[in-house]
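Results of the structural survey
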Amino acid sequence: MAQVTLNHVRKTYPNGHEAVQPCSVEIPDGELVVLVGPSGCGKSTLLRMIAGLEDITEGELRIGADVVNDKDPADRNIAMVFQNYALYPHMTVAKNMGYGLKNRGASKAEIEAKVQEAARILNLGDYLDRRPSQLSGGQRQRVAMGRAIVRDPELFLFDEPLSNLDAKLRNQMRIEIRSLQQRLGVTAVYVTHDQVEAMTMADRIIVLNAGRIEQIGTPTEIYEHPASTFVAGFMGAPPMNLLRADIAGGRLQLSSQTLLPVPAPQLATDSVLVGFRPEDVRLGGDGSAVLEVQIIEELGAVRLLHGHLGDQPFSVSIGKDEHATVGAQIITLPQDRVHFFHPDRGTRI
Amino acid sequence: MADLTQAGAVARPLTRPRKRIRWNRIVDHAVLITGSLFMVFPVFMVLTTISFEDVDIVQKGLQIGLEGRMAENFHDAMFEASGFTKTITGTRMLMNSLILGFGFAIGKIVISMMAAYAIVYFRLRFATFAFWIIFTTLLLPLEVRILPSYEAIQSLGLANTYTGLIVPLIASATGTFFFRQFFRSIPEELVEAARIDGAGPVKFFIDILVPLSRTMIAAIFIIMFVYGWNQYLWPTLITTDEGMFTLVRGIKQIVQVLSQTGAKIPEYGKALALSMIAMIPPVLIVIFFQSWFVKGLTESDK
Amino acid sequence: MKRAGFTTVWLPIALLLPQLMIIAIFFYWPAAWAVQSSFYLQDPFGFGSTFVGVENYTDLLGNVEYGKVARFTLIYTVLVTFFSLALALLLAVKADAVISGAKTYRTLLMWVYAIAPPVAGFIGLMFFDQRNGPLTQMFQAFGWDFRLGADYTSTATAMVVVAVWKQIPVNFIFFLSGLQSIPKSVREAALIDNRSATGRFWDVTFPLLAPTAFFLLIINITYALFDTFGIVDTLVRSEPGNNPVTLVYKVFVDGFRGNDLGGSSAQSVLLMLLVLVLTVFQFRLIERRIHYT
């Protein structure tokens, strides 16, 4: 068990591409941190640098007290679960899990005991003699987990481990991984592009965009106080509505006809980006805001209304017991849960 | 709905519409049977001719039918000395062919697997350069540099040796290229997982890569064995000593002996039997390991 | 190179060494030697040589005999490539279409791959025998005075037939695997869009097979140029005389029988250039294929 410290860690490829801009993070012992972002944002590169599979161009990486920049992956006392599991296809499940221990010179009895223990935890007892090709996707995923557990690592690394599973299995494994990590109390870094996984599993989330950290925070912090329009748009489905409004005489103007019925902030700029979460908006009200509904999506538990406010796209999420029709619909915008962002830089104000 | 159809089927079992004759299918089969005959018939005719007396063959050429000389001709081909110096038997040539086939296939696989491993799995600046040096050899088949290669072997004193026969044939990149393609198709994460599991380059090669390549090795082995066995030009040049002749090299001798006009009746039966022995081992291997062989061959194209 | 390759330095060098050494001794040295001696005139009795510049090349290009061999090689290559590709494609399409017996057909159509070219040539020698070869008799029944080894066209025909027979299996294997790798959904879409089977073949199947065909085109040209040496040598009974021969065969004859070292080397170098052009062409095609898939 260990805390992980990244100190101005940076990755530049020989062709000059800067995959990860200098970033500093401290991951406390026992925490599960999720790196989330769109593809190509550098999250996998960051993880692979922690694993030692990728050289660190600049900066310092510590696992526990030791600087591990120049250590081989095998010497970092980590375990990694890969997206495609990377199981050795010619080895049985037991051999797959025990291979790392064998290379460390563990005794046969010790390997056997640890593999049995991992198999018990993961319900793989009946499959130890099978080859990966004889297992289902979910079982392979578990074997990959088992291979990580038997090593007793100080740090778990997960590289999109659930993205090859179907939706139902993914939900189930999400919970399993989380509870396992909490039970073992091992620090974990988890990479995903799926914001639901990030929200549900993380102690803390690191949102990355174009090789840069956009925000670090607990899921609630990230959701309630997104640091930028990027984070606001990335976390949450459907994403936050972002409206561009002019500030004129202390009021927010969407277009020449439409006013936004929320108080304007005090700003040096003459326009601003105003954000509302779709579920914070209510139906009905005094008629000061009218949503032109074009499409209604039924999701069972909720209902999504997609349309325009002024002439800017806007979505509202309503409960299944509320009713709405296509066409003009009076809505009420929340007065307290309003997010303001800088019109050019996109940073939170 | 289900009930209805079932009832109907039971009610009129005899009035089912007559099965349509599918002319397309018949044409397909006709074409395939013609093609198969075109491939098989010539060898079949050679085989049946072996059962005839030499006199008959000289007079009437290839025959269809079964006479009594089959076993005798094969026996003579295997065990009776022939050639100009009357020192070489079919058995000896068979052995030489096997040595060439196995020696070439094994040598090629070992050397090219090592080279491909070095090129694909190591961060070596020199690797790209080495790859190009090796790859360039694909450009020049042995046939176009035959004379200088012969001179090289002569000056190294390797004429009429197995080394001289086998090693120069290995000097091309086909195998390396093969394995390089295959290694590159193995998921990247496997070597990463192995590194985290503490496997160094040697361990990874022996524990993971070689077992993973088993089918590929088998496929390449078959292709290379057939290639080596069937070599003609190089053995013709490099082996002047009849004791070093392979079966395929022996064909040249057969043709020349048969072409000589002399008082003796040319031993056609024995010659045809020898040519049959020359094709049996590679043909059997290709037929029995068909799926591996096809996989190996077509995979090289990716 | 893999993203996360090993960083050891001495091991890969040791692994590469055997291959590099063999290549240096049996490839680069001979090739350089050929280039060098193509600029020299060798004394016929082996006493030294004189530098003659490009004379060997100019001699070659002005040589009527060489022109004749080159012309034959070209026609021969075109015929062998065309017929072995066309027949193999026909057979592969049919073998892909049938369900019953597919495996048997596959085996029957590909096993000839394993037969050595000179063995195939020897079988051809029997079939085209001047006195009693079955095919000779057949041609004669049709009024063609077929004489292997004596008549230029006859010998050339025999060479083409045997070379095609020997090459069909390889093409068949590649075409069949190409056909089988066409996704089922694409075939089904074509089935819905086009009623005519011939139309479907030319509009959908053949274009998807084109990459395989391009690849095979190069393979077949190389085959006809180089790998048919054994067939040619057997069918002319190692006595070229007035018989048609290919360029590679002439390199061999001039170098080993004629002792014309310089001329033979110059021919080798010209062939090397030809292969070089073919290979560059092949690379361009491979690059195009990447866009294709």
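Residue numbers run consecutively from 1 along every chain, following the written order of its sequence. All chains are assigned letters beginning with A, and all ligands numbers beginning with 1, in the order in which they are written. Per-residue local features are limited, in this predicted model, to residues with pLDDT of at least 70; the limit for side-chain atom pairs, both in listing and counting, is 80 or more; totals at the level of whole chains, interfaces and linings are taken over all residues. Remark: hydrogens and water are excluded; side-chain values derive from all non-hydrogen atoms of the structure.

**Notes on the overall build of chain B**
As a reminder of what qualifies: In this text, helices come from DSSP runs of H or I with a minimum length of four residues, and strands from runs of E with a minimum of two, each type numbered from the N-terminal end. Buried residues are those whose accessible area, probed at 1.4 Å on protein chains only, stays under 20% of the maximum for their type, while exposed residues exceed 50% and partly exposed ones sit between those limits. Working rule for contacts: check all heavy atoms of both residues, and any pair within 4.5 Å makes them a contact. Per-residue accessibility takes into account occlusion by the displayed protein chains alone, with areas from the Shrake-Rupley method and a 1.4 Å probe.
For chain B, the helix and strand inventory stands at 16 helices and zero strands. For chain B, the residues scored as buried account for 55% of the 302 residues in total. Taking contacts inside chain B between residues at least 6 apart in sequence as the whole, the part at least 24 apart equals 74%. Surface accessibility of chain B: about 13300 Å² in total, with carbon and sulfur atoms responsible for 66%.

**Considering the overall build of chain A**
Convention followed: When charges are counted, neither His nor the chain ends are considered; positive counts come from Lys and Arg and negative counts from Asp and Glu. By convention, charge coordinates are those of NZ in Lys, CZ in Arg, CG in Asp, or CD in Glu.
In terms of regular secondary structure, chain A is built from eight helices and 20 strands. Expressed as lengths along the three principal axes of its C-alpha atoms, the size of chain A is roughly 80 × 45 × 35 Å. Within the span of chain A, comprising 349 residues, buried residues form 50% of the whole. Here the analysis covers contacts within chain A between residues at least 6 apart in sequence; of these, 66% occur between residues at least 24 apart. Just so you have it, chain A exposes about 15500 Å², and 48% of that area is on carbon and sulfur atoms. The distance from the centre of the 35 positive side-chain charges to the centre of the 42 negative ones in chain A is 6 Å.

**So, the side chain of B:Ser149**
Mapped onto the elements, B:Ser149 comes out in helix α7 (residues 146-155). A residue is classified by how much of its surface remains accessible, and B:Ser149, at 1% relative accessible area, is buried.

**So, a nonpolar patch on the surface**
Condition: The residues that make up patches have over 30% relative accessible area and no salt bridge, and they are joined within 9 Å when like-charged or within 5 Å when they are Val, Leu, Ile, Met, Phe, Trp or Tyr. What counts as a salt bridge is simple: a side-chain nitrogen of Lys or Arg found within 4 Å of a carboxyl oxygen of Asp or Glu.
On the surface, C:Leu74, C:Ile75, C:Val78, C:Leu79, C:Phe82, C:Phe83 and C:Leu87 cluster together into a nonpolar patch covering about 650 Å² of accessible area. In this structure, C:Leu87 sits in helix α3 (residues 64-97).

**Focus: a positive patch on the surface**
Taken together, A:Lys95, A:Lys102, A:Lys108, A:Arg131, B:Lys203 and B:Arg214 make up a surface patch of like positive charges. Of the residues examined, A:Lys95 reaches a relative accessible area of 55% and is grouped as exposed.

**Re the sheet that holds strand β17 (residues 302-309) of chain A**
Residue and element names in this part refer to chain A. Note the threshold: Should DSSP find at least two bridges between two strands, the strands are taken to pair.
Spatial strand order, β15-β19-β16-β17-β18: five strands in an open sheet with antiparallel pairing. Both outer strands of the open sheet, β15 (282-283) and β18 (312-319), are each paired with one neighbouring strand and no more. With two bridges connecting them, β15 and strand β19 (residues 327-332) associate as antiparallel partners. Residue Arg282 lies in a different strand from β19, and its bridge partner there is Thr332.

**Comments concerning the pairing of strand β3 (residues 32-36) of chain A**
Within a regular strand, side chains alternate between the sheet's two faces. Residue and element names in this part refer to chain A. In terms of burial, β3 is largely enclosed, as five of its five residues are buried. Here β3 pairs with strand β8 (residues 187-192) via five bridges, running parallel. Looking at β8, one finds that Val34 is bridged to Tyr190. Sheet topology note: the β3/strand β9 (residues 204-209) ladder contains four bridges and is parallel. Along β9, the bridge assignment pairs Val33 with Arg204.

**Topic: the confidence of the model for chain B**
Residue and element names in this part refer to chain B. Selection criterion: Along the chain, pLDDT gives the predictor's confidence residue by residue, from 0 to 100.
The share of residues in chain B with pLDDT of 70 or more is 89%, and the mean pLDDT across the chain is 85. Averaged pLDDT values for the elements of chain B fall to 46 in helix α1 (residues 2-11) and rise to 94 in helix α5 (residues 90-121). Within the model, pLDDT remains below 50 along residues 1-11, and this stretch shows zero contacts once partners closer than five positions in the same chain are excluded. In the model output, the complex is listed with pTM 0.84 alongside ipTM 0.88.

**Here we look at the pattern of salt bridges**
Two side chains of opposite charge can pair, provided their charged atoms sit close to one another. Evaluated as defined, the whole model comprises 29 salt bridges over all chains. Residues A:Glu58 and A:Arg10 are paired through a salt bridge, measuring 3.0 Å at the closest nitrogen-oxygen approach. A residue pair is termed long-range when its members are at least 10 positions apart, and A:Glu58 in strand β4 (residues 58-63) and A:Arg10 in strand β1 (residues 4-12) qualify at 48 residues. Exposure remark for A:Glu58: the relative accessible area of 40% places this residue in the partly exposed category. Of the charged contacts, one joins B:Glu53 and B:Arg69 as a salt bridge, the two residues approaching to 3.9 Å between their closest N and O atoms. Of the two residues, B:Glu53 sits in the loop between α2 (23-49) and α3 (54-60) while B:Arg69 sits in the loop between α3 and α4 (70-79), which places them 16 residues apart along the sequence. Relative accessible area serves as the criterion here: at 41%, B:Glu53 is assigned to the partly exposed category. Each of A:Arg10, A:Glu18 and A:Glu58 takes part in one network of salt bridges that share partners.

**Comments concerning the packing of helix α2 (residues 93-103) of chain A against helix α3 (residues 108-121) of chain A**
Describing two packed helices takes the angle between their axes plus the distance from one axis to the other. All names here are of chain A. Inclusion rule: Between N-to-C directions, angles span 0 to 180 degrees; the directions come from axes that are lines fitted to C-alpha atoms, helices contributing only their stretch in contact. What sets the label is the angle itself: under 35 degrees gives roughly parallel, over 145 gives roughly antiparallel, 65 to 115 gives roughly perpendicular, and the rest give oblique. A crossing counts as left-handed when the near helix is turned anticlockwise from the far one by less than a right angle, and as right-handed when that turn is clockwise. In this count, Pro and Cys sit with the nonpolar residues alongside Ala, Val, Leu, Ile, Met, Phe, Trp and Tyr, while Asp, Glu, Lys and Arg are called charged and the others, Gly among them, polar.
At a minimum axis distance of 10 Å, the contact between α2 and α3 shows a crossing angle of 130 degrees. If you check the angle between α2 and α3, you find them oblique. Handedness of the crossing formed by α2 with α3: right-handed. On the side of α2, the interface is formed by Ala94, Met97, Gly98, Leu101 and Lys102, while α3 contributes Ile111, Lys114, Val115, Ala118 and Ala119. Broken down by class, the residue content of the contact of α2 with α3 amounts to seven nonpolar, one polar and two charged.

**Things to note about α2(A)**
In terms of burial, α2(A) is a largely internal element, eight of the 11 residues being buried. Those residues of α2(A) lying buried are A:Val93, A:Asn96, A:Met97, A:Gly98, A:Tyr99, A:Gly100, A:Leu101 and A:Asn103. Summarising the contacts, the buried residues of α2(A) are in contact with α3 and α4 (137-149) of chain A together with α11 (201-212) of chain B.

**Examining unusual backbone geometry**
Peptide bonds are trans in most cases, and residues, glycine excluded, mostly fall at negative phi. Residue and element names in this part refer to chain A. Residue Ala237 is joined to Pro238 through a cis peptide bond whose omega torsion reads -5 degrees. When you line up the elements, Pro238 lands in the loop between α8 (229-234) and β11 (241-248). With phi around 50 degrees, His8 is a residue other than glycine that occupies positive phi space. With respect to the helices and strands, the residue His8 is situated in strand β1.

**A word on the interface of chain B and chain C**
Accessible area lost when the parts come together is the quantity often used to give the size of an interface. Keep this limit in mind: When two components associate, each loses some accessible surface as probed by a 1.4 Å sphere; the sum of these losses over both components is called the buried area. Nitrogen and oxygen atoms within 3.5 Å of one another constitute a polar contact, given that in protein one can donate a hydrogen and the other can accept it, and given that sequence-neighbouring residues count only through two side-chain atoms.
With 109 residues of chain B at the interface, the matching set in chain C holds 90 residues. Between chain B and chain C, the buried area comes to about 9300 Å², and carbon and sulfur atoms account for 76% of it. Along the contact surface separating chain B from chain C lie two salt bridges. A salt bridge links B:Lys252 to C:Asp233; the shortest N-O distance between them is 2.6 Å. Our enumeration of links across chain B and chain C arrives at 16 residue pairs in polar contact (both at pLDDT 80 or more). Of all the elements, α2(B) adds the most residues to the side of chain B that touches chain C, at 15 residues.

**Re the packing of α4(A) against helix α5 (residues 167-184) of chain A**
All names here are of chain A. Two elements in contact, α4 and α5, have axes separated by 12 Å at closest approach and are oriented at 15 degrees. One element, α4, and the other, α5, form an angle in the roughly parallel class. Between α4 and α5 lies a crossing whose hand is right-handed. When α4 is examined against α5, the residues Gly138, Gln141, Arg142, Met145 and Ile149 are found in contact with a partner set consisting of Leu169, Gln172, Met173, Glu176, Ile177, Leu180 and Leu184. Among the residues making up the contact of α4 with α5, the classes are represented as seven nonpolar, three polar and two charged.

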